Amino acid sequence: MSISSITQVSGTGVYIPGADIDTDRIIPARYLRCVTFDDLAEGLFRDVRTDPEGNTLNHALDDPKFQGASIMLSGPNFGCGSSREHAPQAIRRAGFNAVIAESFAEIFFGNSTGLGMPCVCATADEIKALGAAVEANPQLEVSIDLESMTASYGETTIKVTMPASAREALMSARWDPIQELLDNSDAIKSCGEALPYV
Amino acid sequence: MAKNLYQKVWDEHTVGTLQDGRTQLFIGTHLIHEVTSPQAFGMLRDLDLKVKYPKRTFATVDHIVPTDNQQRPFADPLADAMITELRKNADEFGITYFDLASGMQGIVHVVGPEQGITQPGTTIACGDSHTATHGAFGAIAFGIGTTQVRDVLATQTIAMEKLKVRRINVDGELSPGVYAKDVALHIIRLLGANGGIGYAYEYGGSIFDGFTMEERMTVCNMSIEGGARCGYVNPDETTFNFLKNRPYSPKDTEWDEAVSGWQAYASDADAEYDDVVNINAADIEPTVTWGISPDQGIAISESIPDPAEANNEVERASIDEALEYMKLPAGAPVKGTHVDVAFIGSCTNGRLSDFREVAKYLKGRKVAEGVKALAVPGSQITAVICKKEGLDQIFMDAGFEWREAGCSMCLAMNPDKLQGDQLCASSSNRNFKGRQGSPTGRTVLMSPLMVAAAAIEGEIADAREVFSVN
């Protein structure tokens, strides 16, 4: 299993403003009718991108100037609602490598970390300013550095935050914990044996 | 040292500390369903791994099942492929599967308690955010993503960060016509949709002491709508009475031993909490949502918020966005809002007590012309008991369609969907944009009896007036 350490993520950005953007909006439930994650990018934010007749709603994700963006920007409580990993999978498969938002819902955050996609927090004002900079110059390079816990663009550098364990997991190439979990099989066995109901 | 239930269960299930600082937590009970498990089994095969504790893994099918015609193959080939995949995975790995033919199928969060699989002092994980429902029994139960489903299948553990614990006391008395659903919506309104991030919620106080298990499940179920990944109630006699004689409950001599073990998990009287919130039950009215987030709720007597009266720019923008989507007038009473569809069901309010309570008032009443009304029991067992008690007939006589068990119109992964911008009075848990299957469909969350009142009046109404509840 190849797993790499993630310290820096950079690329161009796209700003999807709004509070409480839920996982139903990120990927509508009808796209969950599948047994693999392969084709999820198609469903990403689908119902705010096209109307039921298939006409474009001119969403930022469909704006030619933001094509190729790999860093998503958004507001507070991003990814709330359902636990569907389909949401971060769709974001990932649409070419994104990181999300910067005011805050994240917990299950979404954990799912994203498990995919090696850092989710870092910045303040509302900082994200607004970053969003405006990206709008003004879609080719602007945005860079997230987990070592220094900063995000930089142009001449600006802002502080970003993330729980220490997720940061450590990403930087030390342990964001997919399966091997370490498997390695502790003796401890798992004794824990299970001590539980009255197992 | 005095501990709360969360700390006791966490400590007992801790396998060790991982190198990144997270805890490796033992998951005693793993519930799986057709939507979030197939990819996890795929990953398991890719890694050439087996299910470590098949006997602690239980499957059912709920999200995609049609509630009218369940003849296989289903009309939707994608749905049929998913149920086929679950059967294959359950067989290959030796997992107990409550399938459509079992007579025990249903929404995973209804089935677990019904079977007695959900027990105090346990850890329960499921690839579904409403797993907190099981916390009603004094379990630490939470939703996980599919990669974590893989982790649990392969190791019976996950990597997890310990949560803080917020105690929420609701004391006093609820007025007639105010239900557990109103308590849940009131708490979320008060603390916000993201107020619970980083917390487990411990619900207590005289209201929870007096609640039935089904009422406790309704509130624990919606913890995630308040941002809390898990919520629980300390186990007591009500819990034990519910569990007695369930298929998977301890039997005979093991029962007494189990009960004394379970009692010990309850939070110590002098346990400490990271935060405490006190709520007066008398302040809670029948509550409905008016927006696109579950914290956008108001009492039935209140008016829809006016963006002009917002406290700040952020709040104004969020009211604007919600009202534009909901097509509701600012400042108008919510009572009287036209309703197209009425839905009673879901893991929040699709249990026996919900149908019993509504049936008490529905007898002799008729659903308003033009309103499509659906009643969807949470499980096959619920459906059988409803039938035995004649409840299904009461619903059908009133003009409800009585359906087979499943998640149905809560998230509309099956054929039960809103059309266009229909407005649905719903006993489910989420009013997100497009949640009920139409990208422009509108959801108003409320208690089952309030849904029945809306169905009869053809508009959002106060169930206390419609049914003379007092």
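Residues numbered from 1 in each chain as written. Chains lettered and ligands numbered in written order. Predicted model: local features only at pLDDT ≥ 70, side-chain atom pairs only at ≥ 80, totals over all residues.

Asker: Got a minute to help me understand the overall build of chain A in this structure?
Answerer: From N to C terminus, chain A includes eight helices and eight strands. For 198 residues, the compact-globule formula gives about 16 Å, and the C-alpha radius of gyration of chain A, at 18 Å, lands near that figure. Across its three principal directions, the C-alpha atoms of chain A cover 60 × 45 × 30 Å. For chain A, contacts bridging at least 24 residues in sequence account for 69% of all contacts bridging at least 6. (Helix = DSSP H or I, 4+ residues; strand = E, 2+ residues; numbered from the N terminus. Rg over C-alpha atoms; globule rule 2.2 N^0.38 Å. Contact = placed C-beta atoms within 7 Å.)

Asker: Sorry if this is basic, but what is going on with the domain arrangement of chain B here?
Answerer: Note on interface size: it is often stated as the accessible area lost on association of the parts. All names here are of chain B. In terms of domain boundaries, chain B breaks down into domain 1 (5-263) and domain 2 (330-466). Each of domain 1 and domain 2 was reduced to a C-alpha centroid, and the two centroids are 24 Å apart. Among the secondary structure elements, those contributing two or more residues to the side of domain 1 that touches domain 2 are α4 (108-115), α6 (180-191) and α8 (213-221). Among the elements that make up the side of domain 1 that touches domain 2, the one with the highest residue count is α4 (four residues). For the side of domain 1 that touches domain 2, a count of residues per class yields twelve nonpolar, 13 polar and seven charged. (Domains from an automatic or database assignment. Nonpolar A, V, L, I, M, F, W, Y, C, P; charged D, E, K, R; others polar.)

Asker: Explain the pairing of strand β16 (residues 372-375) of chain B to me, please; I cannot follow it from the model alone.
Answerer: Successive residues of a regular strand alternate their side chains across the two faces of the sheet. Residues and elements named next belong to chain B. Of the two faces of β16, the one carrying Lys372 and Leu374 and the one carrying Ala373 and Ala375 are both buried. Direction of pairing for strand β15 (residues 341-344) relative to β16: parallel, over a ladder of four bridges. The residue bridging Ile344 from the neighbouring strand is Ala375, located in β16. (Buried ≥ 20, exposed ≤ 12 C-beta atoms within 10 Å, placed from the backbone. Pairing = 2+ DSSP bridges.)

Asker: Looking at this model, I keep getting lost on the pairing of strand β8 (residues 157-160) of chain B. Mind explaining?
Answerer: All names here are of chain B. A two-sided burial pattern is seen for β8, the buried positions comprising Thr157 and Ala159 on one face and Ile158 and Met160 on the other. Two strands pair when backbone bridges link them, and strand β2 (residues 23-26) and β8 are joined in this way by four bridges, in the antiparallel orientation. Opposite Phe26, over in β8, you have Thr157 as the bridge partner.

Asker: Sorry if this is basic, but what is going on with the interface of chain B and chain A here?
Answerer: Contacts between the two partners involve 59 residues from chain B and, on the opposite side, 52 residues from chain A. Listed by contribution, the elements that provide at least two residues to the side of chain B that touches chain A are β1 (14-17), β2, α2 (38-46), α3 (77-93), α5 (146-155) and β8 of chain B. Here the element with the most residues in the side of chain B that touches chain A is α5(B); it accounts for six residues. A class-by-class count of the residues in the side of chain B that touches chain A yields 20 nonpolar, 27 polar and twelve charged.

Asker: Just checking my understanding: could you explain the environment of Cys121(A) for this structure?
Answerer: All names here are of chain A. One can find Cys121 in strand β5 (residues 119-121). A count of 20 C-beta atoms within 10 Å places Cys121 in the buried class. A C-alpha to C-alpha distance of 33 Å links Cys121 and Pro52, two positions 69 residues apart in sequence. If we ignore the near neighbours within four places in the chain, the residues touching Cys121 are Ala101, Glu102, Ser103, Val160, Thr161 and Met162.

Asker: It is not clear to me how the sheet that holds strand β1 (residues 8-11) of chain A should be interpreted in this structure. Could you clarify?
Answerer: In sheet architecture, strand pairing relies on hydrogen bonds along the backbone and comes in two forms, parallel and antiparallel. All names here are of chain A. Pairing in this open sheet of four strands is antiparallel, and the strands run β1-β6-β7-β8 from one edge to the other. Lying at the two open borders of the sheet, with one neighbouring strand each, are β1 and β8 (156-159). Between one strand axis and the next, the sheet turns through 15 degrees on average, direction left out of account. Bridging between β1 and strand β6 (residues 142-145) involves four bridges; their strand directions are antiparallel. Within β6, the position partnered with Gln8 by the bridge is Asp145. (Axes fitted to C-alpha atoms, helices over the stretch in contact; angles between N-to-C directions.)

Asker: Explain the packing of helix α13 (residues 352-362) of chain B against helix α15 (residues 391-398) of chain B to me, please; I cannot follow it from the model alone.
Answerer: The packing of two helices is summarised by the inter-axis angle and the distance between the axes. All names here are of chain B. With their axes 9 Å apart at the nearest point, α13 and α15 run at an angle of 50 degrees to one another. Between α13 and α15, the angle is such that the two are oblique. In this structure, the crossing between α13 and α15 has a hand that is left-handed. Residues Phe355, Arg356, Ala359 and Leu362 of α13 form the contact with α15, whose own contacting residues are Leu391, Ile394, Phe395 and Ala398. Taken together, the residues that form the contact of α13 with α15 break down as seven nonpolar, no polar and one charged. (Parallel < 35°, antiparallel > 145°, perpendicular 65-115°, else oblique. Left-handed = near helix turned anticlockwise from the far one by under 90°.)

Asker: For this particular structure, what's the right way to read the packing of α6(B) against α8(B)?
Answerer: Residue and element names in this part refer to chain B. Following both chains from N to C, one finds α6 and α8 inclined at 25 degrees, their axes separated by 8 Å at the closest point. The angle between the axes of α6 and α8 places the two elements in the roughly parallel class. Considering only the axes of α6 and α8, their crossing is right-handed. In this structure, α6 uses Ala180, Lys181, Val183 and Ala184 to contact α8, whose residues at the interface are Glu215, Thr218 and Val219. Tallied by class, residues from the contact of α6 with α8 come to four nonpolar, one polar and two charged.

Asker: Explain helix α8 (residues 185-194) of chain A here, please?
Answerer: Given 3.6 residues per helical turn, the α-helix brings residues three or four places apart onto the same face. Looking at α8(A), one finds that the buried residues are Ile188(A), Cys191(A) and Gly192(A). Taken down its axis, α8(A) places every buried residue within 95 degrees of arc, on the same side. In α8(A), the exposed positions that point more than 90 degrees away from the buried face belong to Asp186(A), Ser190(A), Glu193(A) and Ala194(A). On the buried face of α8(A), the contacting elements are β1, β2, α5 and β8 of chain B. (Arc of directions from axis to C-beta.)

Asker: How should unusual backbone geometry be read in this particular structure?
Answerer: For residues besides glycine, phi is generally negative; the peptide bonds are generally trans as well. A cis amide bond, omega -10 degrees, links Arg72(B) with the succeeding residue Pro73(B). Mapped onto the elements, Pro73(B) comes out in the loop between β4 (57-60) and α3. The backbone phi angle of Asp20(A) is positive, close to 55 degrees, even though this residue is not glycine. With respect to the helices, strands and loops of the structure, Asp20(A) is situated in the loop between β2 (13-15) and α1 (23-26). Although it is not a glycine, Lys327(B) adopts a positive phi angle of roughly 55 degrees.

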